[in-house]
Amino acid sequence: MREIENLIVRYSHLVDDARFHEFGALFDEGDFVSGGTVLRGSEEIVNLIASVLVVHDDGTLRTRHVTTNILIEVDEEYDRAEARSYYTIFQAVPGLLPFQPVAGGGYRDRFVRRDGTWRFARREITIDFTGDTRYHLKQGQAA
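Here the residue numbering is sequential within each chain, running from 1 through the sequence in written order. In keeping with the predicted nature of the model, local features appear solely for residues at pLDDT of at least 70, side-chain atom pairs appear and are counted solely at 80 or more, and the whole-chain, interface and lining totals rest on all residues. Side-chain measures were taken over the full set of non-hydrogen atoms in the model, leaving aside hydrogen atoms and water.

Engineer: Lay out the overall build of the protein in plain terms, naming residues and giving numbers.
Structural biologist: The way it works is that DSSP assigns letters per residue, a run of H or I at least four long becomes a helix, a run of E at least two long becomes a strand, and they are numbered from the N terminus. Each helix and strand in the protein was counted, giving three helices and six strands. Start at the N end of the protein and walk to the C end: the helices and strands fall as α-α-β-β-α-β-β-β-β. Relative to its length of 143 residues, the protein is compact, with a C-alpha radius of gyration of 15 Å against a globular reference of 15 Å. Oriented by its inertia axes, the alpha-carbon framework of the protein measures out at about 50 × 30 × 25 Å. Exposure is judged per residue with a 1.4 Å probe applied to protein chains only, and the accessible area is read against the type maximum: over 50% gives exposed, under 20% gives buried, and values in between give partly exposed. For the protein, the proportion of its 143 residues judged to be buried stands at 41%. With the radius of gyration taken over C-alpha atoms, the globule rule is written as 2.2 Å times the number of residues to the power 0.38.

Written out as structure tokens, the structure is:
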């Protein structure tokens, strides 16, 4: 289960650091679902997040995605797993109160194990709460 948890957390580190190509590679064989949009493969995902998220002068999003309440259920016989968790996105930028939450919601994940390695099969994101996203999302983007 630690490998699955590490995959969940790696997602957060890569997006916070704006390492979009590595982030997209997490879904080479999986679906990324947000707001009714279903994407598959790294190229589609990289294009979407690069068009929506603000990368600041330091090359990062100036965010911390904090993932909590991780519930993982593994089906060892069929090399599958499911997970549910919550996330809160904190951000600190000049002009915004220091380090405040800008969004929160949930992840519903499915994983498959191939050749002994766990991979995302699907990640569904819901956004339940939003704060001041003007420094996180490019102008005109929905939270």
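Engineer: Talk me through the pattern of salt bridges; I want residue IDs and the actual numbers.
Structural biologist: The working definition used for a salt bridge is a side-chain nitrogen of Lys or Arg within 4 Å of a carboxyl oxygen of Asp or Glu. The tally for this structure, following the rule as stated, stands at twelve salt bridges. With its nearest N and O atoms 2.6 Å apart, the salt bridge here joins Arg113 to Glu76. Taken together, the residues span a long stretch of sequence, with Arg113 in strand β5 (residues 100–114) and Glu76 in the loop between β3 (63–75) and β4 (80–91) at a distance of 37 residues. Between Arg122 and Glu124 there is a salt bridge, with its nearest N and O atoms 2.8 Å apart. Judged by relative accessible area, which is 31%, Glu124 ranks as partly exposed. A cluster of three or more residues bridged by salt bridges with shared partners is formed by Asp31, Arg40, Arg122 and Glu124.

Engineer: Talk me through unusual backbone geometry; I want residue IDs and the actual numbers.
Structural biologist: Its identity is not glycine, yet Ala18 carries a phi of approximately 60°, on the positive side. Along the polypeptide, Ala18 turns up in the loop between α1 (2–16) and α2 (20–25). Residue Arg62 is not a glycine yet carries a positive backbone phi of 60°. In this structure, Arg62 sits in the loop between α3 (42–52) and β3. Arg62 gets classed as partly exposed once you look at its relative accessible area, which sits at 32%.

Engineer: Got a sec to walk through the pairing of β3? Specific residues and values, please.
Structural biologist: Within a regular strand, the side chains alternate between the two sheet faces. Two strands qualify as a pair provided that DSSP identifies no fewer than 2 bridges between them. Sheet topology note: the β3/β4 ladder contains eleven bridges and is antiparallel. Residue Glu73 lies in a different strand from β4, and its bridge partner there is Glu82. With antiparallel pairing between neighbouring strands as the criterion, β3 and β4 make up a hairpin whose turn holds four residues, including Asp79 at a positive phi of roughly 55°.

Engineer: How would you sum up the sheet that holds strand β6 (residues 117–130)? Please name residues and give values.
Structural biologist: Strand order in the open sheet formed by six strands is β2-β1-β6-β5-β4-β3, and the pairing between neighbours is mixed. Of all strands in the sheet, those with a lone pairing partner are β2 (37–40) and β3, marking the two edges. Pairwise comparison of adjacent strand axes, ignoring direction, gives a mean angle of 15° for this sheet. Only heavy atoms matter for contacts: two residues are in contact if any of them lie within 4.5 Å across the pair. Working convention: axes come from line fits to C-alpha atoms, limited for helices to the stretch in contact. Angles between N-to-C directions cover 0 to 180 degrees. Against the sheet, α1 engages β1 (31–34), β3, β4, β5 and β6, with an angle of about 160° to β3. Packed on one face of the sheet, α3 meets β1 and β2 and runs near 130° to β2.

Nothing here speaks to function; it is all geometry.
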